[in-house]
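Observations on the three-dimensional arrangement
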Amino acid sequence: MLLPRILTALVLLAALLPALITGNAMPFLAITLVMIAAAGWEWGRLNGLSLVSALAVGGVVFLACVMLWDLGWVGKVPAWLWWLTTGCWVLGGALALKAGPQGWPRLSQALRLLLGTFILVVAWLALASAKLRGLDFILSALCLVWMADIAAYAAGRLFGRRKLAPAISPGKSWEGVMGGVAGVMLLALVWLNVEVAVFGDSTSVFALLWSRLGPMGLLVSLAFLCMLSVMGDLVESLVKRAVGAKDSSALLPGHGGVLDRVDALLPVLPAVMALASLAAAS
(Lines give C-alpha, C1' and ligand atoms only; values in the text may rest on other atoms or scores of the structure.)
Protein backbone atom coordinates (compact mmCIF):
# COMPACT_ATOMS: atom_id res chain seq x y z
CA MET A 1 0.00 0.00 0.00
CA LEU A 2 2.90 2.36 0.70
CA LEU A 3 4.38 2.16 -2.81
CA PRO A 4 1.16 3.19 -4.65
CA ARG A 5 0.75 6.01 -2.13
CA ILE A 6 4.25 7.31 -2.79
CA LEU A 7 3.96 6.96 -6.57
CA THR A 8 0.62 8.77 -6.63
CA ALA A 9 2.03 11.59 -4.50
CA LEU A 10 5.01 11.95 -6.85
CA VAL A 11 2.78 12.07 -9.92
CA LEU A 12 0.55 14.70 -8.35
CA LEU A 13 3.54 16.79 -7.32
CA ALA A 14 5.04 16.51 -10.80
CA ALA A 15 1.79 17.77 -12.32
CA LEU A 16 0.76 20.41 -9.79
CA LEU A 17 4.01 21.91 -8.50
CA PRO A 18 5.27 23.40 -11.80
CA ALA A 19 1.76 24.70 -12.55
CA LEU A 20 1.55 26.22 -9.08
CA ILE A 21 4.85 28.11 -9.15
CA THR A 22 4.72 29.37 -12.74
CA GLY A 23 3.52 32.92 -13.30
CA ASN A 24 1.07 31.76 -15.98
CA ALA A 25 -2.14 30.78 -14.19
CA MET A 26 -3.60 28.83 -17.11
CA PRO A 27 -1.93 25.42 -16.47
CA PHE A 28 -2.86 25.46 -12.78
CA LEU A 29 -6.45 26.45 -13.48
CA ALA A 30 -6.81 23.76 -16.14
CA ILE A 31 -5.38 20.97 -13.95
CA THR A 32 -7.46 21.93 -10.92
CA LEU A 33 -10.53 22.22 -13.12
CA VAL A 34 -10.18 18.57 -14.10
CA MET A 35 -9.65 17.63 -10.45
CA ILE A 36 -12.74 19.50 -9.24
CA ALA A 37 -14.81 17.85 -11.98
CA ALA A 38 -13.55 14.47 -10.75
CA ALA A 39 -14.62 15.48 -7.23
CA GLY A 40 -18.06 16.23 -8.69
CA TRP A 41 -18.24 12.71 -10.08
CA GLU A 42 -17.26 11.33 -6.66
CA TRP A 43 -19.95 13.43 -5.00
CA GLY A 44 -22.56 12.00 -7.33
CA ARG A 45 -21.45 8.43 -6.59
CA LEU A 46 -21.46 9.08 -2.82
CA ASN A 47 -25.03 10.31 -3.11
CA GLY A 48 -26.47 7.30 -4.86
CA LEU A 49 -26.10 8.09 -8.56
CA SER A 50 -25.16 5.58 -11.23
CA LEU A 51 -21.84 5.88 -13.02
CA VAL A 52 -23.31 7.80 -15.96
CA SER A 53 -25.42 10.13 -13.81
CA ALA A 54 -22.44 10.83 -11.56
CA LEU A 55 -20.37 11.68 -14.62
CA ALA A 56 -23.08 14.17 -15.52
CA VAL A 57 -22.63 15.85 -12.12
CA GLY A 58 -18.91 16.08 -12.77
CA GLY A 59 -19.71 17.57 -16.17
CA VAL A 60 -22.01 20.17 -14.62
CA VAL A 61 -19.28 21.19 -12.16
CA PHE A 62 -16.77 21.42 -15.02
CA LEU A 63 -19.06 23.47 -17.28
CA ALA A 64 -20.13 25.81 -14.47
CA CYS A 65 -16.49 26.57 -13.64
CA VAL A 66 -15.62 27.08 -17.32
CA MET A 67 -18.62 29.38 -17.79
CA LEU A 68 -17.71 31.51 -14.77
CA TRP A 69 -14.09 31.59 -15.94
CA ASP A 70 -15.21 32.74 -19.38
CA LEU A 71 -17.44 35.41 -17.81
CA GLY A 72 -14.40 36.82 -16.01
CA TRP A 73 -15.35 35.80 -12.48
CA VAL A 74 -11.93 34.30 -11.69
CA GLY A 75 -10.18 36.93 -9.62
CA LYS A 76 -13.30 39.16 -9.61
CA VAL A 77 -15.79 37.18 -7.54
CA PRO A 78 -18.06 39.48 -5.50
CA ALA A 79 -17.24 39.36 -1.80
CA TRP A 80 -20.84 38.46 -0.90
CA LEU A 81 -20.41 35.04 -2.52
CA TRP A 82 -17.40 34.26 -0.32
CA TRP A 83 -19.31 35.31 2.79
CA LEU A 84 -22.46 33.46 1.73
CA THR A 85 -20.47 30.27 1.17
CA THR A 86 -18.64 30.63 4.48
CA GLY A 87 -21.94 31.20 6.30
CA CYS A 88 -23.42 28.12 4.63
CA TRP A 89 -20.46 26.06 5.78
CA VAL A 90 -20.72 27.28 9.38
CA LEU A 91 -24.48 26.85 9.69
CA GLY A 92 -24.99 23.91 7.34
CA GLY A 93 -21.94 22.07 8.57
CA ALA A 94 -23.01 22.44 12.19
CA LEU A 95 -26.51 21.16 11.40
CA ALA A 96 -25.11 18.22 9.40
CA LEU A 97 -22.76 17.22 12.21
CA LYS A 98 -25.56 17.51 14.77
CA ALA A 99 -27.81 15.25 12.68
CA GLY A 100 -25.00 12.73 12.19
CA PRO A 101 -24.56 10.13 9.42
CA GLN A 102 -28.14 8.94 9.84
CA GLY A 103 -29.46 12.43 9.13
CA TRP A 104 -27.70 12.93 5.80
CA PRO A 105 -29.90 10.56 3.72
CA ARG A 106 -32.99 12.36 5.02
CA LEU A 107 -32.17 15.29 2.76
CA SER A 108 -33.51 14.89 -0.75
CA GLN A 109 -31.00 13.61 -3.27
CA ALA A 110 -31.55 16.69 -5.44
CA LEU A 111 -30.66 19.00 -2.55
CA ARG A 112 -27.54 16.99 -1.69
CA LEU A 113 -26.37 17.12 -5.29
CA LEU A 114 -27.09 20.85 -5.53
CA LEU A 115 -25.18 21.57 -2.33
CA GLY A 116 -22.18 19.56 -3.48
CA THR A 117 -22.11 21.23 -6.88
CA PHE A 118 -22.29 24.69 -5.32
CA ILE A 119 -19.53 23.90 -2.81
CA LEU A 120 -17.18 22.52 -5.46
CA VAL A 121 -17.70 25.33 -7.95
CA VAL A 122 -17.14 28.06 -5.35
CA ALA A 123 -14.09 26.24 -3.95
CA TRP A 124 -12.55 26.14 -7.43
CA LEU A 125 -13.29 29.83 -7.92
CA ALA A 126 -11.56 30.55 -4.60
CA LEU A 127 -8.55 28.43 -5.56
CA ALA A 128 -8.28 30.13 -8.95
CA SER A 129 -8.68 33.59 -7.42
CA ALA A 130 -6.01 32.81 -4.82
CA LYS A 131 -3.64 31.75 -7.59
CA LEU A 132 -4.10 35.09 -9.33
CA ARG A 133 -3.08 36.86 -6.11
CA GLY A 134 0.38 35.33 -6.37
CA LEU A 135 2.43 32.38 -5.19
CA ASP A 136 2.90 33.74 -1.67
CA PHE A 137 -0.86 34.08 -1.15
CA ILE A 138 -2.00 30.74 -2.52
CA LEU A 139 0.87 28.79 -1.00
CA SER A 140 0.24 30.28 2.44
CA ALA A 141 -3.46 29.34 2.15
CA LEU A 142 -2.65 25.76 1.15
CA CYS A 143 0.07 25.38 3.79
CA LEU A 144 -2.33 26.64 6.45
CA VAL A 145 -4.67 23.73 5.74
CA TRP A 146 -1.85 21.21 5.46
CA MET A 147 -0.27 22.37 8.72
CA ALA A 148 -3.62 22.23 10.51
CA ASP A 149 -4.04 18.62 9.36
CA ILE A 150 -0.49 17.50 10.15
CA ALA A 151 -0.32 19.21 13.55
CA ALA A 152 -3.78 17.93 14.50
CA TYR A 153 -2.77 14.37 13.59
CA ALA A 154 0.45 14.59 15.61
CA ALA A 155 -1.20 16.19 18.64
CA GLY A 156 -4.07 13.72 18.50
CA ARG A 157 -1.72 10.76 18.44
CA LEU A 158 0.35 12.12 21.33
CA PHE A 159 -2.25 13.71 23.58
CA GLY A 160 -5.69 12.80 22.22
CA ARG A 161 -8.12 11.81 24.96
CA ARG A 162 -11.43 13.60 24.36
CA LYS A 163 -13.13 12.44 21.17
CA LEU A 164 -14.35 15.20 18.87
CA ALA A 165 -16.99 13.35 16.85
CA PRO A 166 -16.79 9.61 17.64
CA ALA A 167 -19.82 8.71 15.52
CA ILE A 168 -18.30 10.36 12.45
CA SER A 169 -14.50 10.21 12.76
CA PRO A 170 -13.37 8.28 15.86
CA GLY A 171 -9.72 9.20 15.38
CA LYS A 172 -10.24 12.94 15.87
CA SER A 173 -9.89 14.55 19.27
CA TRP A 174 -10.23 17.99 20.81
CA GLU A 175 -6.54 17.87 21.66
CA GLY A 176 -5.83 17.30 17.98
CA VAL A 177 -7.90 20.35 17.04
CA MET A 178 -5.99 22.51 19.53
CA GLY A 179 -2.73 21.11 18.23
CA GLY A 180 -3.75 22.03 14.71
CA VAL A 181 -4.50 25.60 15.76
CA ALA A 182 -1.17 25.85 17.57
CA GLY A 183 0.65 24.49 14.51
CA VAL A 184 -0.96 27.09 12.25
CA MET A 185 -0.07 29.89 14.69
CA LEU A 186 3.55 28.74 14.60
CA LEU A 187 3.48 28.53 10.81
CA ALA A 188 2.15 32.10 10.60
CA LEU A 189 4.90 33.36 12.90
CA VAL A 190 7.62 31.72 10.82
CA TRP A 191 6.04 32.78 7.52
CA LEU A 192 5.78 36.42 8.56
CA ASN A 193 9.46 36.47 9.43
CA VAL A 194 10.77 34.90 6.23
CA GLU A 195 8.32 35.84 3.48
CA VAL A 196 10.06 39.04 2.40
CA ALA A 197 13.33 37.15 1.94
CA VAL A 198 11.62 34.28 0.10
CA PHE A 199 8.81 35.97 -1.85
CA GLY A 200 9.87 39.60 -2.06
CA ASP A 201 7.05 42.16 -2.10
CA SER A 202 4.19 39.69 -2.55
CA THR A 203 1.67 39.23 0.26
CA SER A 204 0.64 36.06 2.08
CA VAL A 205 -2.66 35.39 3.80
CA PHE A 206 -0.86 35.86 7.11
CA ALA A 207 0.66 39.22 6.18
CA LEU A 208 -2.61 40.52 4.77
CA LEU A 209 -4.57 39.66 7.89
CA TRP A 210 -1.82 41.01 10.16
CA SER A 211 -1.54 44.33 8.35
CA ARG A 212 -5.28 45.01 8.07
CA LEU A 213 -6.78 43.27 11.12
CA GLY A 214 -3.91 43.43 13.59
CA PRO A 215 -2.40 40.67 15.78
CA MET A 216 -5.67 39.74 17.50
CA GLY A 217 -7.56 39.73 14.20
CA LEU A 218 -4.92 37.45 12.73
CA LEU A 219 -5.12 34.99 15.64
CA VAL A 220 -8.93 34.88 15.61
CA SER A 221 -8.98 34.47 11.83
CA LEU A 222 -6.47 31.63 11.89
CA ALA A 223 -8.40 29.80 14.63
CA PHE A 224 -11.58 30.21 12.60
CA LEU A 225 -9.92 28.83 9.46
CA CYS A 226 -8.58 25.86 11.40
CA MET A 227 -12.08 25.08 12.67
CA LEU A 228 -13.39 25.24 9.11
CA SER A 229 -10.72 22.81 7.94
CA VAL A 230 -11.91 20.35 10.59
CA MET A 231 -15.50 21.00 9.52
CA GLY A 232 -14.71 20.12 5.90
CA ASP A 233 -12.99 16.92 6.94
CA LEU A 234 -15.82 15.88 9.24
CA VAL A 235 -18.59 16.63 6.74
CA GLU A 236 -16.93 14.49 4.07
CA SER A 237 -16.41 11.71 6.64
CA LEU A 238 -20.08 12.01 7.59
CA VAL A 239 -21.20 11.58 3.97
CA LYS A 240 -18.95 8.54 3.49
CA ARG A 241 -20.09 6.98 6.75
CA ALA A 242 -23.73 7.55 5.77
CA VAL A 243 -23.26 5.33 2.70
CA GLY A 244 -20.69 2.94 4.17
CA ALA A 245 -17.80 4.11 1.99
CA LYS A 246 -14.19 4.11 3.18
CA ASP A 247 -12.96 6.51 0.47
CA SER A 248 -14.67 8.90 -1.91
CA SER A 249 -13.28 6.82 -4.82
CA ALA A 250 -10.15 4.96 -5.89
CA LEU A 251 -8.98 7.59 -8.39
CA LEU A 252 -5.78 8.25 -6.44
CA PRO A 253 -4.17 4.89 -5.57
CA GLY A 254 -3.12 4.82 -1.94
CA HIS A 255 -4.91 8.11 -1.22
CA GLY A 256 -8.56 7.36 -1.98
CA GLY A 257 -10.33 9.98 -4.06
CA VAL A 258 -10.00 13.66 -4.87
CA LEU A 259 -12.55 14.60 -2.20
CA ASP A 260 -10.48 12.75 0.38
CA ARG A 261 -7.56 15.05 -0.42
CA VAL A 262 -9.39 18.36 -0.72
CA ASP A 263 -12.16 18.05 1.89
CA ALA A 264 -10.51 20.49 4.33
CA LEU A 265 -9.81 22.97 1.52
CA LEU A 266 -13.44 23.22 0.41
CA PRO A 267 -14.61 25.48 3.26
CA VAL A 268 -11.26 27.14 3.98
CA LEU A 269 -10.52 28.59 0.54
CA PRO A 270 -13.77 30.62 0.25
CA ALA A 271 -13.30 31.76 3.87
CA VAL A 272 -9.74 32.90 3.09
CA MET A 273 -11.07 34.96 0.19
CA ALA A 274 -13.85 36.35 2.42
CA LEU A 275 -11.32 37.43 5.05
CA ALA A 276 -9.11 38.87 2.32
CA SER A 277 -12.02 40.99 1.12
CA LEU A 278 -12.64 42.17 4.69
CA ALA A 279 -8.98 43.03 5.11
CA ALA A 280 -8.93 44.88 1.81
CA ALA A 281 -11.95 46.92 2.83
CA SER A 282 -10.67 47.83 6.28
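Before reading further, recall that the structure is shown in the block above.
Here is a short report on the structure shown in this document. All values derive from a computational prediction rather than experimental measurement. (Residues numbered from 1 in each chain as written. Predicted model: local features only at pLDDT ≥ 70, side-chain atom pairs only at ≥ 80, totals over all residues. Heavy atoms only, no water.)

Things to note about a nonpolar patch on the surface
Quick reminder of the rule: Exposure above 30% relative accessible area and the lack of any salt bridge qualify a residue for a patch; like charges then connect within 9 Å, and the nonpolar side chains Val, Leu, Ile, Met, Phe, Trp and Tyr within 5 Å. Surface accessibility in these figures is a Shrake-Rupley result with a 1.4 Å probe; residues are shielded only by whichever protein chains are displayed. For this document, the term salt bridge refers to a Lys or Arg side-chain nitrogen within 4 Å of an Asp or Glu carboxyl oxygen. Note on classification: 1.4 Å probe, protein chains only; a residue is buried when its accessible area is under 20% of the maximum for its type, exposed when over 50%, partly exposed between these limits.
A surface patch of nonpolar side chains, amounting to about 670 Å² of accessible area, comprises Leu3, Ile6, Leu7, Leu10, Leu13, Leu17 and Ile21. Residue class for Leu10 comes out partly exposed when judged on its relative accessible area of 48%.

Concerning the pattern of salt bridges
What counts is decided by this rule: Runs of E in the DSSP output that reach at least two residues are strands. Runs of H or I that reach at least four are helices, and both are numbered from the N terminus.
What the rule picks out here adds up to four salt bridges. Here Asp233 and Lys172 are joined by a salt bridge, their closest N and O atoms 3.3 Å apart. Residue Asp233 is located in helix H8 (residues 205-243), and its partner Lys172 is located in strand E2 (residues 169-173); the two are separated by 61 residues in the primary sequence. Residue classification places Lys172 among the partly exposed residues on the basis of a relative accessible area of 22%.

A short note on the packing of helix H4 (residues 79-99) against H8
When two helices pack together, you describe them by how their axes are tilted relative to each other and by the distance separating the axes. Applicable threshold: All axes here are fitted lines through C-alpha atoms, helices being fitted over the stretch that makes contact, and every angle between N-to-C directions spans 0 to 180 degrees. Oblique is the label for any angle not covered by the other classes, which are roughly parallel (under 35 degrees), roughly antiparallel (over 145) and roughly perpendicular (65 to 115). By the definition used in this description, the sense in which the near helix is turned from the far one sets the handedness, with an anticlockwise turn below a right angle giving left-handed and a clockwise turn giving right-handed. The contact criterion used throughout is that any non-hydrogen atoms of two residues lie within 4.5 Å. Each residue gets one label: Ala, Val, Leu, Ile, Met, Phe, Trp, Tyr, Cys and Pro are nonpolar, Asp, Glu, Lys and Arg are charged, and the others, such as Gly, are polar.
It is at 10 Å that the axes of H4 and H8 come closest, and there the two elements cross at 50°. Between H4 and H8, the interaxial angle falls into the category oblique. The crossing of H4 and H8 is left-handed. Across the interface between the two elements, Thr86, Trp89, Val90, Gly93, Ala94, Ala96 and Leu97 of H4 pack against Phe224, Leu228, Met231, Gly232, Leu234, Val235 and Leu238 of H8. Looking at the contact of H4 with H8 residue by residue, the class counts come to 11 nonpolar, three polar and no charged.

Observations concerning the packing of aromatic side chains
In plain terms, the rule: Two aromatic rings, drawn from Phe, Tyr or Trp (for Trp, its six-membered ring), form a pair once their centres lie within 6.5 Å of each other, and the interplanar angle then sorts them: stacked below 30 degrees, edge-to-face above 60, tilted otherwise. Placement of a charge over a ring requires the Lys NZ or Arg CZ to be within 6 Å of the ring centre, with the centre-to-atom vector within 35 degrees of the ring normal.
Tallied over the full model, the rule gives four aromatic pairs. For the pair Trp43 and Trp104, a centre-to-centre distance of 5.9 Å together with 75° between the ring planes defines the contact as edge-to-face. With Trp43 in helix H2 (residues 26-46) and Trp104 in the loop between H4 and helix H5 (109-132), this residue pair connects regions lying 61 residues apart in the sequence. Using a relative accessible area of 9% as the deciding quantity, one classes Trp104 as buried. Aromatic side chains Trp69 and Trp124 sit 5.8 Å apart centroid to centroid with 50° between the ring planes, which places their arrangement in the tilted category. With Trp69 in helix H3 (residues 51-70) and Trp124 in helix H5, this pair connects stretches of sequence that are 55 residues apart. Members of the aromatic cluster, joined through ring pairs, are Trp191, Phe199 and Phe206. In this structure, Lys131 packs its charged tip against the face of Phe28, placed 5.9 Å from the ring centre. Over the ring of Phe137 we find Arg133, and its NZ or CZ is 5.0 Å from the ring centre.

Things to note about the nonpolar core
We count it as follows: Among buried residues, those of type Ala, Val, Leu, Ile, Met, Phe, Trp, Tyr and Cys that are joined through side-chain atoms within 4.5 Å constitute a nonpolar core.
Counting 82 residues, the largest nonpolar core has Trp82, Trp124, Leu125 and Phe137 as its most contacted members. Those residues within four positions of Trp124 in sequence are excluded, and the remaining contacts are Leu29, Thr32, Leu33, Ile36, Cys65, Trp69 and Val74.

Some thoughts on the environment of Leu218
Relative to the assigned elements, Leu218 resides in helix H8. A C-alpha to C-alpha distance of 9.1 Å links Leu218 and Ala188, two positions 30 residues apart in sequence. Not counting the four nearest positions on each side in its chain, Leu218 is found in contact with Leu192, Phe206, Leu209 and Trp210.

Some points on the side chain of Asp136
The following threshold applies: The term polar contact refers here to a pair of N or O atoms within 3.5 Å; inside protein, the definition further demands a hydrogen-donor-capable atom paired with an acceptor-capable atom, and it admits residues adjacent in sequence only when both atoms are side-chain atoms.
By the secondary structure assignment, Asp136 is in helix H6 (residues 135-159). Within the local environment of Asp136, its side chain forms a polar contact with the side chain of Ser202, the two groups lying 3.5 Å apart. Engagement of the side chain of Asp136 in a polar contact is seen with the backbone nitrogen of Ser204, the distance being 3.3 Å. The residues contacting Asp136, other than those within four sequence positions of it, are Trp191, Glu195, Phe199, Ser202, Thr203 and Ser204.

Re helix H7 (residues 174-199)
To keep it simple, the criterion reads: By definition here, a helix of n residues has an expected span of 1.5 Å times n minus one. One axis fitted to the seven residues ending at a residue, another fitted to the seven starting there: the angle between these axes is the bend at that residue.
The end-to-end C-alpha distance of H7 is 35 Å, a good match for the 38 Å that 26 residues give at a rise of 1.5 Å each. Of all the bends in H7, the largest measures some 45° and sits at Asn193. Taken together, the buried positions of H7 are occupied by Glu175, Gly176, Val177, Gly179, Gly180, Val181, Gly183, Val184, Leu187, Ala188, Trp191 and Glu195. Residues of H7 that are buried make contact with H6, strand E1 (163-165), E2 and H8. Within two residues after H7, Gly200 carries a phi angle of roughly 75°, on the positive side.

What to know about the environment of Arg5
The topology assignment puts Arg5 in helix H1 (residues 2-21). Using a relative accessible area of 37% as the deciding quantity, one classes Arg5 as partly exposed. Taking the C-alpha atoms as reference points, Arg5 and Leu135, 130 residues apart in sequence, are found 27 Å from one another. Residues in contact with Arg5, not counting those within four places in the same chain, are Pro253, Gly254 and His255.

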